[in-house]
Amino acid sequence: MPKYQSIAQWIKKEIKANNFKVGEKLISEHQICDRFSVSRQTARQAVSVLEDEGLVTRKRGSGTYINPVIPAKKTATKNIGLITTYLDDYIFPLIISGVEKVLSDNQYHMTLRLTRNKVRNERAQLKSLLDSDIDGLIVEGTKTALPNPNLDVYQEFFDRGIPVMFINAYYGELDCNYVVSGDAQGARLATRRLIDAGHSKIAGIFKHDDQQGNFRYKGFMEEMYQQGLEIDEQAVIWYSTESHKELFSPQQLPLLLQKLKNCTAVICYNDQIAMKLIQLFNPTDLKIPQDLALVSFDNSSLCDISTVPLTSVTHPGTTLGETAAHSILTMIENPHYKIQQVIEPELVERASVAAR
């Protein structure tokens, strides 16, 4: 966010913490310049933001003073915003169902928005919900492993006293509440299963722009190192929201086979990627699980309909949605409520792993 907004946010926090007391003089523009190494114009802009919001009053020839903070009484709308990246992917109907059930049981309604994992869509949906009447927001962040330019909009929710609950992933820059799956632990379970089956040359396919992919990579690497196994970094394949269709197209099959040629097993970012691999390998002589064992994530319905049933790490789905919904309702009643919950996964075994 612009420097003047960052300074304004800092002063707001100091006011809320009672470090700048009601009726006292705010630090001068000159002191702001010295503290933050900014120009006089930037300092003046920061103070203007506070003045526009009624937090301070300038008195000519005297200085700027802290006003009493009178919270506007907000009428409850019994409406919760829910933002997810996708709707049609297999895990999201379960999450949404869990959220909707809890909200309905408590006479709340849900407004659903999608981002398609696009930063510009996330900003538009956040702005739209910010301007609408909602009592709280449940959100799956967009490209959570990358720097996000929308943190200023999230800060607006916080400043307005609208509670925000993150699901699946969260932004490390924000002091936020969240409920997520234990992705790193899940990757360790998957890696250990392959090692126990006799595999030592294990590849990994991970999504680099989402926090889940980074944590799954972390768990994979940690377990390999703990077991004293070498990692062929050429066999660690990364993809993004925009590149996955191209990477797993028939044209890229020779490249994938080249990267996996020295491996006997692979950990896939999710069940969809595992199924794409199986489909790509159908015309080849490579057989699963005899030549290449597969473990994936989410334990979705795809696991059983795949031509080779998939061993997969569970995703909490409905439980995650229900926990998020219960939490947002608690946050509405108690703004100081904190929850940062990691739901530990399990490994469900099927036919995609064979002993070496």
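These figures come from a predicted structure and were not determined experimentally.

Chemist: Describe the overall build of the protein, with residues and values.
Modeler: Looking only at helices and strands, one finds 13 helices and 14 strands in the protein. With the C-alpha coordinates of the protein rotated into their principal frame, the extents come out at 85 × 50 × 35 Å. Surface summary for the protein: the accessible area is close to 17,100 Å², and the carbon and sulfur share equals 49%.

Chemist: Tell me about the sheet that holds strand E10 (residues 265-268), and please be specific about residues and values.
Modeler: Taken together, 6 strands build an open sheet; the order of strands is E9-E8-E10-E11-E12-E14 and the sheet is mixed. Because the sheet does not close on itself, it has two edges, and the strands there are strand E9 (236-239) and strand E14 (347-348). Note: E10 against strand E11 (residues 293-298), 3 bridges, orientation parallel. Bridged to Ile 267 within E11 is Val 295. Against the sheet, helix H11 (residues 271-281) touches strand E8 (202-207), E9, E10, E11 and strand E12 (311-314), its axis set at about 150° to E11.

Chemist: Tell me about the sheet that holds strand E7 (residues 177-181), and name the residues and values.
Modeler: Backbone hydrogen bonds are what pair the strands of a sheet, in a parallel or an antiparallel way. Across the sheet, which stays open at both edges, the 6 strands sit in the order E4-E3-E5-E6-E7-E13 with parallel pairing between neighbours. The strands lining the two open edges of the sheet, one partner per strand, are strand E4 (109-114) and strand E13 (340-343). Sheet twist, expressed as the average angle between the axes of neighbouring strands with direction ignored, equals 15°. In this sheet, E4 lies alongside strand E3 (residues 79-84) in parallel orientation, the contact comprising 6 bridges. Across the sheet, the residue bridging to Gly 81 is Thr 111, located in E4. On top of the sheet, helix H4 (residues 92-105) reaches E3, E4, strand E5 (136-139) and strand E6 (164-167); it is set at about 155° to E4, its chief contact. Where helix H5 (residues 119-130) meets the sheet, its contacts fall on E3, E4 and E5, and the angle it forms with E4 comes to roughly 155°.

Chemist: Please provide a residue-by-residue account of the pattern of salt bridges, values included.
Modeler: In the structure shown here, the tally under the stated rule is 23 salt bridges. For Lys 118, the salt bridge goes to Glu 242, with nearest N and O atoms at 3.2 Å. Taken together, the residues span a long stretch of sequence, with Lys 118 in the loop between E4 and H5 and Glu 242 in the loop between E9 and helix H9 (244-247) at a distance of 124 residues. Judged by its relative accessible area of 24%, Lys 118 falls in the partly exposed class.

Chemist: Which residues make up the packing of aromatic side chains, and what values do they have?
Modeler: The description of an aromatic ring pair rests on the distance of the ring centres and on the angle between the ring planes. Tallied over the full model, the rule gives 13 aromatic pairs. Plain terms: the ring middles of Tyr 239 and Phe 248 are 5.6 Å apart, the flat faces sit at 80° to each other, and that makes the pair edge-to-face. Of the two residues, Tyr 239 and Phe 248, both sit in the buried class. A centroid spacing of 6.0 Å and a plane angle of 85° characterise the contact between Tyr 239 and Tyr 269, whose relative ring orientation is edge-to-face. Taken together, the positions of Tyr 239 in strand E9 and Tyr 269 in the loop between E10 and H11 put the pair 30 residues apart, joining distant regions of the chain. Residue classification places Tyr 239 among the buried positions, given a relative accessible area of 3%. An aromatic cluster is built from Phe 206, Tyr 217, Phe 220 and Trp 238, whose rings are joined through pairwise contacts.

Chemist: Quick rundown of the pairing of E9? Include the residues and the values.
Modeler: Sheet topology places E8 next to E9; 4 bridges connect them, and they run parallel. Pairing of Ile 205 across the sheet is with Ile 237, part of E9. In this view, the connection linking E8 to its parallel neighbour E9 by way of helix H8 (residues 211-226) has right-handed handedness.

Chemist: Mind laying out the nonpolar core, listing which residues take part and the relevant values?
Modeler: In terms of nonpolar packing, the biggest core is built from 51 residues, with Ile 138, Phe 248, Val 266, Leu 277 and Leu 294 touching the most fellow members. Per-element tally for this core: the top contributor is H11, with 7 residues. Grouped together as the second largest cluster of nonpolar side chains are 20 residues, Ile 83, Tyr 170, Leu 174 and Cys 176 included.

About the criteria used
Residues numbered from 1 in each chain as written. Predicted model: local features only at pLDDT ≥ 70, side-chain atom pairs only at ≥ 80, totals over all residues. Heavy atoms only, no water. Helix = DSSP H or I, 4+ residues; strand = E, 2+ residues; numbered from the N terminus. Areas by Shrake-Rupley, 256 points an atom, 1.4 Å probe, with all protein chains shown as cover. Pairing = 2+ DSSP bridges. Contact = heavy atoms within 4.5 Å. Axes fitted to C-alpha atoms, helices over the stretch in contact; angles between N-to-C directions. Salt bridge = Lys/Arg side-chain N within 4 Å of Asp/Glu carboxyl O. Buried < 20%, exposed > 50% of the residue type's maximum accessible area, 1.4 Å probe, protein only. Phe/Tyr/Trp six-rings, centres within 6.5 Å; stacked < 30°, edge-to-face > 60°. Right-handed = clockwise from strand over helix to strand, strands pointing away. Core = buried A, V, L, I, M, F, W, Y, C linked by side-chain atoms within 4.5 Å.

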